Amino acid sequence: MTRFAFIIHPLSVADIARKHKYFFVRYLPERWVEKLLLPRGPEVVSEITGIRSPTGTTTGGWFVGLPLTARQLVEEPADVCIDKIVRCGELAQELGAEIVGLGAFAAVVADAGITIAQRLDIGVTTGNSYTIATAVEGALEAAALVGLDAAVAPAAVIGASGSIGKACIELLAPSVAELWLAAKPGEDLQPQAEEIATRHAIPVHACDSVDAALSEAQIILAVSAAVQAIIHPDMLRPGAVVCDVARPRDVSRQVVEERPDVLVIEGGAVAVPGNVDFHFDFGFPPRLSYACMAETMILALEGRTEDYSLGRDIKLEQVYEISGLARKHGFKLAGFRCFEKTVTEEQIARVRQVNDE
Ligand SMILES: NC(=O)c1ccc[n+]([C@@H]2O[C@H](COP(=O)([O-])OP(=O)(O)OC[C@H]3O[C@@H](n4cnc5c(N)ncnc54)[C@H](OP(=O)(O)O)[C@@H]3O)[C@@H](O)[C@H]2O)c1
């Protein structure tokens, strides 16, 4: 059996406080808590058991904890972050893993996994290929459910210059009528927009703010690496659908509380075959995982221990390949979720009514 590991980290200090053992950190200033994390080494969080493909192949592995928050992974020097992630990978190797997945911002640091992979003797993946496939599939499915016809509805990608964003644009472009792109303020997306417009023969607009893109779009893929929410209630059009893939989330909780006329779904919730037990609560119901975790499991089931999704130019062939392997091993999109809850028929019907009017 080929075993895997997946590196996870707290998205914020609040994430650490939610764990009972560390409840006291909620009373400390966030920057203090982050300073305390800096000298800490990697740790084994839990063992993952029970993954069984319909082909009969099995795999198992470990969650390895990286003690840095998303903000630290953006703000601390890249070499400090990379050293720590490499130590997590070495721990994974000592445990017996032959491939390791980089969770959340462990995949965002510096060159998106390339240097980390060069420094490790086991395979490395960001899990981004399967994340891209499930994000686009989920966004288009949700759009259809709320009565939006992708062939005429304008779409937006927030985080358009990123590893996930760029490939999502390629997958979305053949299905949508018009595209609006946004990234970090100040990023010049004009050359990218012109190139995509020429290749796909659709209007593509480079926006200098997230707000500008959202004021036009009805189908939105949120895939930024912002450390705080960047999509707020007053920014969205009535009847819009947002597939939020980002961790930490791009969409603020207020959107769900104050805008019943828009549908927010979280990208990348995947049902895992067999009787998987993660022995760790990352906010999903039993037997569901993030797509990036699923990609690591799929590669282990295939015995594929080479490096896979790395860098900011993910090849579409890899996205198609991992989607095929996911089907072979019984992984599939697990319905729609939003802020730890299942999206209800009523929520969908309410947004559909807005679009039918
Ligand atoms: N749900 C899942 O299964 C899953 C799996 C993997 C990753 N993720 C999440 O997906 C997100 C993107 O990952 P990635 O690998 O594509 O990252 P990436 O390659 O670093 O790309 C990030 C993108 O976000 C933009 N960005 C950064 N800060 C921003 C801000 N404040 N406002 C607007 N745009 C901003 C960047 O713009 P610049 O180019 O201008 O910096 C870039 O376009 C992360 O949150 C990650 O944790 C989720």
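The structure presented is a predicted model; accordingly, all values stated were derived computationally and were not measured.

**Q** Honestly, the overall build of the protein in this entry has me stumped. Any pointers?
**A** Summing up its helical and strand segments, the protein has 13 helices and 17 strands in all. Computed over its C-alpha atoms, the radius of gyration of the protein comes to 20 Å, within 12% of the 21 Å expected for a compact globule of 357 residues. Expressed as lengths along the three principal axes of its C-alpha atoms, the size of the protein is roughly 55 × 50 × 40 Å. Out of the 357 residues in the protein, the part that is buried amounts to 50%.

**Q** Explain the site of the ligand to me, please; I cannot follow it from the model alone.
**A** Contacts to the ligand come from 33 residues, most closely from Gly159, Gly162, Lys184, Ala226 and Gly268. Looking at the shell around the ligand element by element, the count peaks at three residues for helix H7 (residues 163–172). Among the residues forming the shell around the ligand, the class breakdown is 18 nonpolar, 11 polar and four charged.

**Q** Looking at this structure, how should I read helix H6 (residues 128–145)?
**A** An ideal rise of 1.5 Å per residue puts 26 Å on 18 residues; H6 measures up with 25 Å between its terminal C-alpha atoms. Of all 18 residues making up H6, 14 are buried, and the element is well covered by its neighbours. At the exit of H6 stands Gly147, carrying a positive phi of roughly 80 degrees.

**Q** Can you walk me through the sheet that holds strand S8 (residues 204–206) in this structure?
**A** What holds strands together in a sheet is hydrogen bonding between their backbones, with the strands either parallel or antiparallel. Spatially, the six strands line up as an open sheet ordered S8-S7-S6-S9-S10-S11, and their pairing is parallel. Strand pairing shows two members of the sheet lacking a second neighbour, S8 and strand S11 (263–266), which therefore form its edges. The mean angle between the axes of side-by-side strands here comes to 15 degrees, regardless of whether they run parallel or antiparallel. In this structure, strand S10 (residues 241–244) lies alongside S11, joined through four bridges in parallel fashion. Counterpart to Asp244 in the pairing with S11 is Glu266.

**Q** It is not clear to me how unusual backbone geometry should be interpreted in this structure. Could you clarify?
**A** Excluding glycine, residues mostly carry a negative phi; peptide bonds, for their part, are mostly trans. A cis geometry characterises the amide bond from Arg247 onward to Pro248, with omega recorded as 0 degrees. Summarising the element assignment, Pro248 is placed in the loop between S10 and helix H10 (253–258). A positive phi is found at Ala112, a non-glycine position, where the angle reads about 55 degrees. Within the element layout of this structure, Ala112 appears in the loop between strand S4 (99–102) and helix H5 (114–119). According to the C-beta neighbour criterion, Ala112 is buried, with 23 such atoms within 10 Å. Despite not being glycine, His279 shows a phi value in the positive range, around 50 degrees.

**Q** I keep staring at the domain arrangement of the protein and nothing clicks. Help me out?
**A** Note on interface size: it is often stated as the accessible area lost on association of the parts. What the domain assignment reports for the protein is domain 1 (4–129 + 270–332) and domain 2 (130–268 + 335–356). One C-alpha centre belongs to domain 1, the other to domain 2, and the line joining them spans 25 Å. Elements supplying a minimum of two residues to the side of domain 1 that touches domain 2: helix H3 (70–75), H6, helix H11 (291–301) and helix H12 (316–328). Classifying every residue of the side of domain 1 that touches domain 2 gives 18 nonpolar, eight polar and three charged.

**Q** Is there a simple way to explain the sheet that holds strand S14 (residues 288–290) in this structure?
**A** The strand order S14-S12-S15 describes an open sheet built from three strands, whose pairing is antiparallel. Strands at the two margins of the open sheet, each flanked by one partner only, are S14 and strand S15 (332–333). Note that strand S12 (residues 269–271) and S14 share three bridges and pair antiparallel. Looking at S14, one finds that Ala271 is bridged to Leu288. Lying over the sheet, H11 contacts S12 and S14, oriented at roughly 100 degrees with respect to S14.

**Q** Can you walk me through the pairing of strand S9 (residues 219–222) in this structure?
**A** Of the two faces of S9, the one holding Ile219 and Leu221 and the one holding Ile220 and Ala222 are both buried throughout. Where strand S6 (residues 154–158) and S9 come together, four bridges link them in parallel fashion. Paired with Ala156 across the bridge in S9 is Ile220. Across four bridges, the pairing between S9 and S10 is parallel. Paired with Ala222 across the bridge in S10 is Asp244.

**Q** What exactly am I supposed to notice about the packing of H6 against H11 here?
**A** Packed helices, taken two at a time, are described by the angle between their axes plus the distance between the axes. Where H6 meets H11, the axes come as close as 7 Å, and the angle between the chain directions of the two elements is 125 degrees. Relative to H11, the element H6 is oriented oblique. Relative to H11, H6 is oriented so that their crossing is right-handed. Where H6 approaches H11, its residues Asn128, Ser129, Tyr130, Thr131 and Thr134 are matched on the opposing element by Ala291, Cys292, Ala294, Glu295 and Ile298. Residue composition of the contact of H6 with H11, grouped by class: five nonpolar, four polar and one charged.

**Q** Teacher, can you tell me more about the packing of H11 against H12 here?
**A** Running from amino to carboxyl end, H11 crosses H12 at an angle of 75 degrees, the nearest separation of the two axes being 10 Å. As the angle between them shows, H11 and H12 are arranged roughly perpendicular. Residues Ala294, Glu295 and Ile298 of H11 touch H12, and the partners they reach there are Ile322, Leu325 and Ala326. Classifying every residue of the contact of H11 with H12 by side-chain character gives five nonpolar, no polar and one charged.

Conventions we followed
Residues numbered from 1 in each chain as written. Predicted model: local features only at pLDDT ≥ 70, side-chain atom pairs only at ≥ 80, totals over all residues. Helix = DSSP H or I, 4+ residues; strand = E, 2+ residues; numbered from the N terminus. Rg over C-alpha atoms; globule rule 2.2 N^0.38 Å. Buried ≥ 20, exposed ≤ 12 C-beta atoms within 10 Å, placed from the backbone. Near = placed C-beta within 6 Å. Nonpolar A, V, L, I, M, F, W, Y, C, P; charged D, E, K, R; others polar. Expected span 1.5 Å × (residues − 1). Pairing = 2+ DSSP bridges. Axes fitted to C-alpha atoms, helices over the stretch in contact; angles between N-to-C directions. Domains from an automatic or database assignment. Contact = placed C-beta atoms within 7 Å. Parallel < 35°, antiparallel > 145°, perpendicular 65-115°, else oblique. Left-handed = near helix turned anticlockwise from the far one by under 90°.

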